[in-house]
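Here is what each chain is made of, one letter per residue.
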Amino acid sequence: MNEEHLLRIQAIAEAALLAAGKPLSLEQLRELFAEDERPARQVMEHVMVQLEAACEGRGFELKKVASGYRLQVREEYAPWVGRLFEEKPQRYSRALLETLALIAYRQPITRGEIEDIRGVTVSSNIIRTLLEREWVRVVGHRDVPGRPAMYATTKQFLDYFNLTGLDQLPPLSEVRDLEEIGREIEKNMQGEIEFESPESSQQTIH
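Please read these numbers as outputs of a predicted model, since none were measured by experiment.

Trainee: Quick question: what am I supposed to make of the sheet that holds strand β4 (residues 136-141) here?
Mentor: Sheet strands line up and pair through hydrogen bonds in the backbone, either parallel or antiparallel. If you trace the three strands from one edge of the open sheet to the other, you get β3-β5-β4, paired in antiparallel fashion. With partners counted over all chains shown, the strands left at the sheet margins are β3 (109-110) and β4, one partner each. With five bridges joining them, β4 and strand β5 (residues 149-153) adopt antiparallel strand pairing. For Gly140, the partnering residue across the bridge sits in β5 and is Met150.

Okay, structure coming up:
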């Protein structure tokens, strides 16, 4: 496969990522092509490396997250780009951030277990918000009386925080307490910029 062909595949992948406004997996990118011209997985991986290099020095970058690849504004330019949008990112309570942190680090975990650790009742609104944002999901039920739901984080949670896996979360030994984790999560949220409209929670870039 010659360089011209590789550049064409790169341009198609770049156009698709810009249009999608959400992460696309390697297989989704390959499926853009007709079967008789579909690049091999190894070729597609090479193209993505080329595209990442082509973004150097630009205002945006190619980022690999849990669901695949996406093009996003570089974090250092978020303050300027954010001025395009009148609506500010929604702010979340410390209780929600601490609950999310507990689910991320102790999953699968039940609401009762979260309450035991935090020492206070977890509002139903907090759980509903996390489920609606698709940051957490029910992965089963604890085999105890009442069979409480067990919660775990999702790929959308990883995507939102620019992670490919839970192993990229800072080790608990490096985090003093839940409040510190909450502050880190809130810091990431403050850089949220909507890709097309402030109402679209699925098209965020950081």
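Trainee: I would appreciate a short explanation of the packing of aromatic side chains in the present structure.
Mentor: Counted according to the given criterion, the structure contains four aromatic pairs. Feature note: the residues Trp135, Phe157, Tyr160 and Phe161 constitute an aromatic cluster, connected by ring pairs.

Trainee: Help me understand the nonpolar core in this model?
Mentor: One finds Leu100, Ile103, Leu130, Trp135 and Phe157 to be the most contacted residues of the largest nonpolar core, which totals 23 residues. For this core, the secondary-structure elements that each account for two or more residues are α5 (94-106), α7 (124-132), β5 and α8 (155-160). The element contributing the most residues to this core is α5, with six residues. Grouped together as the second largest cluster of nonpolar side chains are 17 residues, Leu6, Leu17, Leu24 and Phe33 included.

Trainee: I keep staring at the side chain of Gln50 and nothing clicks. Help me out?
Mentor: Counting through the fold element by element, Gln50 comes out in helix α3 (residues 41-54). Classification of Gln50 by relative accessible area gives buried; the value is 19%. Excluding residues within four positions of it along the chain, Gln50 makes contact with Glu3, Leu6 and Gln10.

The rules behind the values
Residues numbered from 1 in each chain as written. Predicted model: local features only at pLDDT ≥ 70, side-chain atom pairs only at ≥ 80, totals over all residues. Heavy atoms only, no water. Pairing = 2+ DSSP bridges. Helix = DSSP H or I, 4+ residues; strand = E, 2+ residues; numbered from the N terminus. Phe/Tyr/Trp six-rings, centres within 6.5 Å; stacked < 30°, edge-to-face > 60°. Core = buried A, V, L, I, M, F, W, Y, C linked by side-chain atoms within 4.5 Å. Buried < 20%, exposed > 50% of the residue type's maximum accessible area, 1.4 Å probe, protein only. Contact = heavy atoms within 4.5 Å.

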